[in-house]
Amino acid sequence: MIPTAPILVCLALALLGLFMILSAPALRMLRRGWFFSLVVAGLAFGVISDRVGFHIMTETGIYDAGSFFDYSSNTAHVRWGYQPYVKGSRFRWFYKYKYGSDEMGPYELPSCPVEDCAADFKLEVPEGQEWKSVIFIGYAEYVAPPVVTTNGVYHLSGVMRTMDGSQRYVTPLVEIVVNLEDGSTQTLTPTNTPGGKK
């Protein structure tokens, strides 16, 4: 007795190949139509829907672990993981939103220990305003220890990109100490100068 299953499978594949050859000109048009409809749907969704973004600054030792926004309750749920070396530091975050052509913020949110790996915030936009897009930015407030270099490699400890997404670098974790004339020292910040002179 001859098995029929392999013969039927081969016959089905042959018919499918014949159908594909005969319908090749129509498939090209169909493929273009699907692409065009998907582009239109994507643009419509991007223009119509509200947009919420999460930017977790990975260079500070944390990474996004599934942050999401619940539109029904207007609540941001930030979830992150962390590298072992940032344990014991604080997770800090803030948000900015667009209202019309204006950008509002940044508004700082309550910090928490990095080990919590979760923070939530119910977004409350002032009455009369309606946000077009919101971005939540989170980072670990981690101060790297001094780097001991023995092989002559130049290391920029405490240097990172700015939070506005540009390609500029800043030094928020580099402490600058000045020796004053009276023999004391003072740590420089953006709001003070040596000896209290403005």
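The following paragraphs examine the structure supplied in this document.

Conventions adopted
- Residues numbered from 1 in each chain as written.
- Predicted model: local features only at pLDDT ≥ 70, side-chain atom pairs only at ≥ 80, totals over all residues.
- Heavy atoms only, no water.
- Helix = DSSP H or I, 4+ residues; strand = E, 2+ residues; numbered from the N terminus.
- Buried < 20%, exposed > 50% of the residue type's maximum accessible area, 1.4 Å probe, protein only.
- Contact = heavy atoms within 4.5 Å.
- Areas by Shrake-Rupley, 256 points an atom, 1.4 Å probe, with all protein chains shown as cover.
- Patch = residues over 30% accessible without salt bridge, like charges linked within 9 Å, V, L, I, M, F, W, Y side chains within 5 Å.
- Salt bridge = Lys/Arg side-chain N within 4 Å of Asp/Glu carboxyl O.
- Pairing = 2+ DSSP bridges.
- Polar contact = N/O pair within 3.5 Å; in protein donor to acceptor, adjacent residues only side chain to side chain.
- Axes fitted to C-alpha atoms, helices over the stretch in contact; angles between N-to-C directions.
- Core = buried A, V, L, I, M, F, W, Y, C linked by side-chain atoms within 4.5 Å.

## Notes on the overall build of the protein chain
Step number 1: What the protein chain contains, in helices and strands, is two helices and 12 strands.
Step number 2: Sequence-ordered secondary structure for the protein chain, helices as α and strands as β, is α-α-β-β-β-β-β-β-β-β-β-β-β-β.
Step number 3: Relative to its full complement of 198 residues, the protein chain shows a buried share of 21%.
Step number 4: When contacts within the protein chain are restricted to residue pairs at least 6 apart in sequence, long-range pairs at least 24 apart make up 53% of them.
Step number 5: If you sum the accessible surface of the protein chain, you get close to 14500 Å²; carbon and sulfur atoms cover 63% of it.

## Observations regarding the side chain of H77
Step number 1: Tracing the chain through its elements places H77 in strand β4 (residues 75–82).
Step number 2: Those residues in contact with H77 that lie beyond four places of it in its chain are F54, S67, F68, D70, A119 and D120.

## Some points on a nonpolar patch on the surface
Step number 1: On the surface, a cluster of nonpolar side chains totalling about 530 Å² of accessible area is made up of L8, L11, L15, L18 and L22.
Step number 2: Secondary-structure assignment places L18 in helix α1 (residues 5–22).

## Considering the pairing of strand β11 (residues 176–179)
Step number 1: Sheet topology places β11 next to strand β12 (residues 185–188); four bridges connect them, and they run antiparallel. Bridged to I176 within β12 is L188.

## Quick word on the side chain of T75
Step number 1: With respect to the helices and strands, the residue T75 is situated in strand β4.
Step number 2: At 3.1 Å, the side chain of T75 and the backbone oxygen of S73 are in polar contact.
Step number 3: Excluding residues that lie within four positions of it along the chain, T75 makes contacts with F68, F69, D70, D120, F121 and K122.

## Here's the deal with the sheet that holds strand β6 (residues 102–113)
Step number 1: Across the sheet, which stays open at both edges, the four strands sit in the order β1-β8-β5-β6 with mixed pairing between neighbours. Looking at the sheet topology across the chains shown, the edges are occupied by β1 (51–56) and β6. If you compare each strand with its neighbour and ignore which way they point, the axes differ by 15° on average.
Step number 2: Looking at chain direction, strand β5 (residues 90–99) and strand β8 (residues 133–141) are connected through nine bridges and run antiparallel. What sits directly across from R92, in β8, is Y139.

## Description of the nonpolar core
Step number 1: I62, W80, F91 and F136 are the most contacted members of the largest nonpolar core, which totals 21 residues.
Step number 2: Elements represented by at least two residues in this core include exactly β4, β5, β6 and β8.
Step number 3: In terms of residue count, β5 provides more of this core than any other element does, four residues in total.
Step number 4: Sequence-distant contacts of I62, that is, excluding residues within four places in its chain, are made with I56, M57, W80, G81, Y82, V86, F91, V114, G138, Y139 and A140.
Step number 5: Within the second largest apolar cluster, five residues are counted, among which are M57, F94, Y139 and M160.

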